Amino acid sequence: KQWYQRRVAITAGNRKRNLADITIKQKPLHDGEKFVGQLTVMVQEIDGSFSNVIQVEKNDAMQELNCQSKSRRNKKKKIPLFTGEEVEIDLSHNDQDSPVIWMRVDPDMFWLCDINLQMPDFMWNALLLHERDVVYQHKAAQVLPNLSSSHTTISTLSSIILNSKCYYKVRIQAVHSLAKCISISGDPTINESILVNLYKKLYGSADNEDITRMNDFSDFPLYFLQQEFMRAIGKVKDSSGMTTPTIVHFLYQQLYYNDNQRNNFDDSHLIVAIIDGLTLTVPQKADSKQEQNLKHIKMVLPKIIAMLNVDKKMPSYQQIVSSACLRFIAKLIQYGHIMDNLKDSSIFSAHLKPGQSQHVRCTAIQLLTEFIKNENSERDLNTILSLVEFDGSAMVRAHTVTQLYRLPLFHRHQDSFLNTLHLVQRLWRLLNEHLDFSLRCHLAQLFYTLYGKTTPSCIPSSNFGVVIDLKGQTARSNVAGIPPSIRYSSPFDEKYSSDEGHNPERKKKKHKPINP
């Protein structure tokens, strides 16, 4: 079976011949064979939705599809969809000489492929508002911020967010896309207040929208949407790439005034979402523009530490609140905004011990690995490697090694304080111990990521040589400069010679001399 990545570029209908042009560009992955076969294209026109089947025979192909409708110049008209219902679509932004409103390629998802569909932004706007295919609605919400951040796009995304009949994952994607539009827009009238006002309309009190009502998670789509609102609001930046004080103050209020007394469900995931949003607002540099933001962030830090301590006494589900608090503190440490008494790795090391939730331990491992990379802490590296050697949880051991090669402490042949002979000896010893198969694979990947296939640069290479006796069919190495912990598994070592094999108790066999 072949997987293909198909780029599909669609242009507007041909004005003279009432045709729709479609261009298909294939890019096979891993030099695979090109796709040859039939491809279904569903064209939404003024008079309805029509299915077209095109034959793909080349990597690059251009097809002309006959339009079943005639172009009309009226701006609004009730248009039948493929579901049979009729909706009123504003056609003022469309090409007045083309009957095509939007297109969908392979709507039944018959082919295993990645389709990159390219259409004008007004087609994506109409598709997102009126299409009933949630897959293409979700794709439209993803694509629109990359094409346009105009008022039309923002109005379309806002309508989807407020539409309770729309699928909740499409609404969630619209929230993140709207945050991206606000951040990249250069229009001063488009600011963070758009997203905040939408949140107040959905979750504000009936008497006063500025006051968030008490938690009520009986409506699950609104519950999941509320969580993503917090994270999306934290992503909003101004034209200079900075978070405005309005955003930080709003998230701080959501955390401080969160009320779950009359709710039948736990609010741990909502608290985590608010903390994640605050984590996204932490500035990298403490300049004069960010003084007010840092003031709010330092105000929320005691609240975060208190929630971290409370979560130990009354743990949340998998202690996810503790994980979010650790991520917030780690970001403050990374950017240098935290107090000196907390600016070390002790808070992460304390959450590595057994007895904590595995979710918290894995989060602490990830944050401690980032701390080791930034601070070149050899002591914390020994703590991490001790987990691989002695921890009783197979999941924690595998996650530790995975984090070490996903976030390499140094690159190959790089002069680093952590690139030591002791690290090479320790990793090599772990590789050759009788560990489980999965962990050995992760360790091999880690060793390859750090050192590649060559000898590590920290190993002395003097006085190394191999002596091969062709007549006696033996090989002997001079490994004076190689550490003993690495030398024992060398293929040229005498105890691994062809005479004795891997078992030292095996009797030596007498070989007949080789006749010239």
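Residues numbered from 1 in each chain as written. Predicted model: local features only at pLDDT ≥ 70, side-chain atom pairs only at ≥ 80, totals over all residues. Heavy atoms only, no water.

## So, unusual backbone geometry
Phase 1 of the analysis: Backbone geometry places Asp-106, a non-glycine residue, at a positive phi of 50°.
Phase 2 of the analysis: With respect to the helices and strands, the residue Asp-106 is situated in the loop between β8 (100-105) and β9 (113-118).
Phase 3 of the analysis: Unlike most non-glycine residues, Gln-319 shows phi in positive territory, near 55°.
Phase 4 of the analysis: Summarising the element assignment, Gln-319 is placed in the loop between α9 (291-313) and α10 (320-335).
Phase 5 of the analysis: Residue class for Gln-319 comes out buried when judged on its relative accessible area of 10%. (Helix = DSSP H or I, 4+ residues; strand = E, 2+ residues; numbered from the N terminus. Buried < 20%, exposed > 50% of the residue type's maximum accessible area, 1.4 Å probe, protein only.)

## Regarding the nonpolar core
Phase 1 of the analysis: One finds Trp-102, Leu-195, Phe-229, Met-230, Leu-255, Ile-275 and Phe-328 to be the most contacted residues of the largest nonpolar core, which totals 128 residues.
Phase 2 of the analysis: Beyond its immediate sequence surroundings of up to four residues, Met-230 is in contact with Tyr-199, Phe-250, Leu-251, Gln-254, Leu-270, Ala-273, Ile-274 and Gly-277. (Core = buried A, V, L, I, M, F, W, Y, C linked by side-chain atoms within 4.5 Å. Contact = heavy atoms within 4.5 Å.)

## Looking at helix α7 (residues 245-256)
Phase 1 of the analysis: With twelve residues, α7 should cover 16 Å at 1.5 Å per step; its first-to-last C-alpha distance of 16 Å lies within 8% of that length.
Phase 2 of the analysis: Burial in α7 covers these residues: Ile-247, Val-248, Phe-250, Leu-251, Tyr-252, Gln-254 and Leu-255. (Expected span 1.5 Å × (residues − 1).)

## Observations concerning the packing of aromatic side chains
Phase 1 of the analysis: Overall, the coordinates contain 16 aromatic pairs when judged by the stated rule.
Phase 2 of the analysis: Between Tyr-223 and Phe-224 the ring centres are 5.2 Å apart and the planes differ by 50°, which places this aromatic pair in the tilted class.
Phase 3 of the analysis: Assessed through its relative accessible area of 33%, Phe-224 is described here as partly exposed.
Phase 4 of the analysis: Put simply, the rings of Tyr-167, Tyr-168, Phe-217, Phe-220, Tyr-223, Phe-224 and Phe-265 touch in pairs and so form one group of aromatic residues.
Phase 5 of the analysis: One cation-aromatic arrangement involves Arg-104 over Phe-82; the distance from NZ or CZ to the ring centre is 4.7 Å. (Phe/Tyr/Trp six-rings, centres within 6.5 Å; stacked < 30°, edge-to-face > 60°. Lys NZ or Arg CZ within 6 Å of the ring centre and 35° of its normal.)

## With respect to the environment of Met-62
Phase 1 of the analysis: Among the structural elements, Met-62 can be located in strand β5 (residues 60-66).
Phase 2 of the analysis: Linking Met-62 and Lys-25, residues 37 residues apart in sequence, is a C-alpha distance of 8.8 Å.
Phase 3 of the analysis: Contacts of Met-62, omitting those with residues within four sequence positions, involve Asp-21, Ile-22 and Thr-23.

## Describing the sheet that holds strand β3 (residues 37-45)
Hydrogen bonds along the backbone pair up the strands of a sheet, which may run parallel or antiparallel.
Phase 1 of the analysis: Spatial strand order, β4-β3-β8: three strands in an open sheet with antiparallel pairing. Either end of the sheet is taken by a strand with one partner, and the two such strands are β4 (48-56) and β8. Across the sheet, the mean angle separating the axes of adjacent strands is 25° when strand polarity is ignored.
Phase 2 of the analysis: In the sheet, β3 pairs with β4 via nine bridges, with the strands oriented antiparallel. Directly across from Glu-45, in β4, lies its bridge partner Gly-48. (Pairing = 2+ DSSP bridges. Axes fitted to C-alpha atoms, helices over the stretch in contact; angles between N-to-C directions.)

## Remarks on a nonpolar patch on the surface
Phase 1 of the analysis: On the surface, Met-109, Val-134, Val-135 and Tyr-167 cluster together to form a nonpolar patch covering roughly 350 Å² of accessible area.
Phase 2 of the analysis: Inspection of the secondary structure puts Val-134 in helix α2 (residues 134-147).
Phase 3 of the analysis: Taking the relative accessible area as the measure of exposure, Val-134 reaches 37% and is therefore partly exposed. (Patch = residues over 30% accessible without salt bridge, like charges linked within 9 Å, V, L, I, M, F, W, Y side chains within 5 Å. Areas by Shrake-Rupley, 256 points an atom, 1.4 Å probe, with all protein chains shown as cover. Salt bridge = Lys/Arg side-chain N within 4 Å of Asp/Glu carboxyl O.)

## Topic: the side chain of His-351
Phase 1 of the analysis: Take His-351: it is sitting in the loop between α11 (346-349) and α12 (358-375).
Phase 2 of the analysis: According to the relative accessible area criterion, His-351 is buried, its value standing at 3%.
Phase 3 of the analysis: Apart from the residues within four sequence positions on either side, His-351 is in contact with Leu-308, Lys-312, Leu-326, Gln-356, Val-360, Arg-361 and Ala-364.

## What to know about the environment of Ile-160
Phase 1 of the analysis: Tracing the chain through its elements places Ile-160 in helix α3 (residues 151-162).
Phase 2 of the analysis: It is 7.9 Å that separates the C-alpha atoms of Ile-160 and Val-170, two residues lying ten residues apart in sequence.
Phase 3 of the analysis: Beyond its immediate sequence surroundings of up to four residues, Ile-160 is in contact with Leu-128, Leu-129, Gln-137, Cys-166, Val-170, Arg-171 and Ala-174.

## Here we look at the packing of helix α1 (residues 121-130) against α2
Phase 1 of the analysis: The contact between α1 and α2 brings their axes to 9 Å, and the two run at 145°. Between α1 and α2 lies a crossing of left-handed hand. Seen from α1, the contacting residues are Asp-121, Trp-124, Asn-125, Leu-127 and Leu-128; seen from α2, they are Tyr-136, Gln-137, Lys-139, Ala-140, Ala-141, Val-143, Leu-144 and Leu-147.
Phase 2 of the analysis: Of the residues that constitute the contact of α1 with α2, the class distribution is nine nonpolar, two polar and two charged. (Left-handed = near helix turned anticlockwise from the far one by under 90°. Nonpolar A, V, L, I, M, F, W, Y, C, P; charged D, E, K, R; others polar.)

## Examining the pattern of salt bridges
Phase 1 of the analysis: Tallying each qualifying case throughout the model produces eleven salt bridges.
Phase 2 of the analysis: Taking the shortest distance from any N to any O, the salt bridge between Asp-133 and Arg-104 comes out at 3.0 Å. Of this pair, Asp-133 sits in the loop between α1 and α2 while Arg-104 is found in strand β8, placing the two residues 29 residues apart along the sequence. Summarising the burial analysis for this pair, Asp-133 and Arg-104 share the class buried.

## Describing the confidence of the model for the protein
Phase 1 of the analysis: Per-chain confidence: the protein averages 81 in pLDDT, with 80% of residues scoring 70 or above.
Phase 2 of the analysis: Low confidence marks residues 479-516, where pLDDT is under 50. Its contacts with residues over four positions away, or in another chain, come to 47 contacts. (pLDDT = per-residue confidence, 0-100.)

## Brief notes about helix α8 (residues 268-280)
Phase 1 of the analysis: Compared with the 18 Å implied by 1.5 Å per residue over 13 residues, the 19 Å span of α8 between its first and last C-alpha is a close match.
Phase 2 of the analysis: Burial analysis of α8 places eleven of its 13 residues in the buried class, the great majority of the element.
Phase 3 of the analysis: By the burial criterion, the buried members of α8 are Ser-268, Leu-270, Ile-271, Val-272, Ala-273, Ile-274, Ile-275, Asp-276, Gly-277, Leu-278 and Thr-279.
Phase 4 of the analysis: Elements that come into contact with the buried residues of α8 comprise α6 (220-235), α7, α9 and α10.

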